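Residue-level listing of the chains:
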Amino acid sequence: MLAIDGLNTYYGDSHILRGVSLSLAKGTALGLLGRNGMGKTTLIRSLMGYVRAASGKVAWNGADVTGAPPERMARLGLGYVPEGRGIFPNLSVRENLVMAARAGTDGRRDWTYERVLATFPRLTERLGHGGQQLSGGEQQMLSIGRALMTNPQLLILDEATEGLAPLIVAEIWRVIASIRETGISTLIVDRDYRKVLAHTDRAVVLEKGQIVLDGESAALARDHDALTRWLGV
Ligand SMILES: Nc1ncnc2c1ncn2[C@@H]1O[C@H](COP(=O)(O)OP(=O)(O)O)[C@@H](O)[C@H]1O
Ligand SMILES: [Mg+2]
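A quick note: this is a predicted structure, and the numbers were derived from the prediction, not measured. (Residues numbered from 1 in each chain as written. Chains lettered and ligands numbered in written order. Predicted model: local features only at pLDDT ≥ 70, side-chain atom pairs only at ≥ 80, totals over all residues. Heavy atoms only, no water.)

Caption draft 1: Here's a closer look at the overall build of the protein chain. Within the protein chain, the secondary structure is distributed over 10 helices and 10 strands. Taken over the C-alpha trace, the protein chain has a radius of gyration of 17 Å; the compact-globule value for 233 residues is 17 Å, and the two agree within 12%. Reported as C-alpha extents along the three principal axes, the dimensions of the protein chain are approximately 45 × 35 × 35 Å. Partitioning the intrachain contacts of the protein chain with sequence separation of at least 6 by distance along the chain shows that 67% fall at a separation of at least 24. When the accessible surface of the protein chain is summed, it comes to about 10600 Å², and 50% of that surface belongs to carbon and sulfur atoms. For the protein chain, the centre of its 27 positive side-chain charges and the centre of its 24 negative side-chain charges are spaced 2 Å apart. (Helix = DSSP H or I, 4+ residues; strand = E, 2+ residues; numbered from the N terminus. Rg over C-alpha atoms; globule rule 2.2 N^0.38 Å. Contact = heavy atoms within 4.5 Å. Areas by Shrake-Rupley, 256 points an atom, 1.4 Å probe, with all protein chains shown as cover. Lys, Arg positive; Asp, Glu negative; His and termini not counted. Charge placed at Lys NZ, Arg CZ, Asp CG, Glu CD.)

Put into structure tokens, the structure is as follows:
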């Protein structure tokens with residue numbers, strides 16, 4: 001479904017992504033691991049069209065989408081929950097959700113307003129509140145809810161549990177598992193590598209902008225040498 005080939009991305013003179021290639025099959029979950037500053041967010045931003053890659057290709061369902069802007073990537077079925085939460089602080093919870101609503105690329109409307117609220121009951125009690133009045137956990141749920149309202153084929157989660165209380169973190173992982181069961185593919189970045197490996201089929205490790213490991217998540221979870229070497233755990 002997604003194929004990234006030889007991506008190079010710079011911020012000014014800094015060469016951040018150095019020939020990154022990876023693929024993601026429909027219906028599967030891919031973990032993206034690597035220490036802080038290794039290029040995970042840059043890879044996602046390059047893929048989504050927020051940052052222009054200097055070279056390399058991105059293919060989506062067989063079509064070349066290299067350099068496509070974020071709006072086009074979203075319309076093509078890529079849902080994105082950015083690091084630091086992408087909600088509209090001045091709009092209410094209800095408005096944030098309703099304005100994101102869209103059928104999937106194949107016309108599916110599996111994720112409706114009602115279903116998102118059923119998934120995140122906390123949001124139901126906050127419908128009239130502004131985005132900025134929500135707790136960190138509620139903002140994160142709203143951000144995930146917004147992405148689901150677009151009925152994506154692929155949901156990209158960048159540090160979705162960062163800075164949240166343990167109970168909220170557990171709730172978010174439960175939701176990620178239930179989203180996966182509905183057939184949506186996922187690309188997951190999270191500091192908790194154990195959780196990432198437990199919730200994905202395959203994982204890749206980024207080290208200074210290069211992929212140094214690409215394999216089955218279950219196998220990597222048992223590979224203590226690799227985990228120590230690449231993640232410092
Ligand atoms: N907007 C930016 N301008 C310049 N350098 C950046 C910018 N964003 C990130 N970087 C640098 O790019 C590298 C990769 O960052 P990032 O992709 O955010 O890593 P990760 O998500 O793996 O923590 C880091 O060295 C970071 O300092
Ligand atoms: Mg990051």
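We are not done yet, so read on.
Caption draft 2: Layout of the sheet that holds strand 3 (residues 29-33). Pairing is mixed across the open sheet formed by six strands, whose spatial order is 6-7-8-3-9-10. For this open sheet the edge positions go to strand 6 (78-81) and strand 10 (210-216), each flanked by a neighbour on one side alone. Direction aside, neighbouring strands of the sheet carry axes that sit 15° apart on average. Of the pairings in the sheet, the one linking strand 6 to strand 7 (residues 154-158) comprises four bridges and is parallel in character. Looking across to strand 7, one finds that Val-81 is bridged to Leu-157. Of the strands in this sheet, strand 6 and strand 7 are in contact with helix 6 (residues 136-149), which crosses strand 6 at around 170°. (Pairing = 2+ DSSP bridges. Axes fitted to C-alpha atoms, helices over the stretch in contact; angles between N-to-C directions.)

Caption draft 3: Representation of the pairing of strand 9 (residues 202-207) in the model. Counting buried positions along strand 9 gives five out of six residues, so the element sits mostly inside the fold. Here strand 9 pairs with strand 10 via six bridges, running antiparallel. Note on strand 10: the bridge partner recorded for Val-204 is Asp-214. Hairpin connection of strand 9 to strand 10: two residues between the antiparallel strands, including Lys-208 at a positive phi of 45°. (Buried < 20%, exposed > 50% of the residue type's maximum accessible area, 1.4 Å probe, protein only.)

Caption draft 4: Just the site of ligand 1, in detail. For ligand 1, the full set of nearby residues is Tyr-11, Ile-16, Arg-35, Asn-36, Gly-37, Met-38, Gly-39, Lys-40, Thr-41 and Thr-42. Here an oxygen atom of ligand 1 and a backbone polar atom of Gly-37 are 2.7 Å apart. A distance of 3.2 Å separates an oxygen atom of ligand 1 from a polar backbone atom of Met-38. Considered on its own, ligand 1 offers 560 Å² of accessible surface; in the complex 57% of this is hidden by protein. No other element matches helix 1 (residues 40-48), which puts three residues into the shell around ligand 1. Counted by class, the shell around ligand 1 contains three nonpolar, five polar and two charged residues. (Near = heavy atom within 4 Å. Polar contact = N/O pair within 3.5 Å; in protein donor to acceptor, adjacent residues only side chain to side chain. Nonpolar A, V, L, I, M, F, W, Y, C, P; charged D, E, K, R; others polar.)

Caption draft 5: Region of the structure containing the layout of surface pockets. Of the pockets and cavities examined, the largest pocket occupies roughly 500 Å³. Taken together, 21 residues form the lining of the largest pocket, with Tyr-50, Ala-74, Tyr-80, Arg-146 and Thr-150 sitting closest to its centre. Those elements that place two or more of their residues in the lining of the largest pocket are helix 1, helix 2 (70-75), strand 6 and helix 6. Broken down by element, the lining of the largest pocket gets its largest block of residues, four residues, from strand 6. Counted as a void, the second largest pocket has a volume near 210 Å³. Forming the walls of the second largest pocket are 13 residues, and the residues nearest its centre are Gly-34, Arg-35, Asn-36, Asp-190 and Arg-191. Its residues placed into classes, the lining of the second largest pocket shows six nonpolar, two polar and five charged. (1 Å grid on protein atoms, 1.4 Å probe; cavity = no way out; pocket = protein on both sides within 12 Å on 5 of 7 lines; lining within 4 Å. Points joined across faces, edges and corners; volume = space filled by probe spheres on them.)

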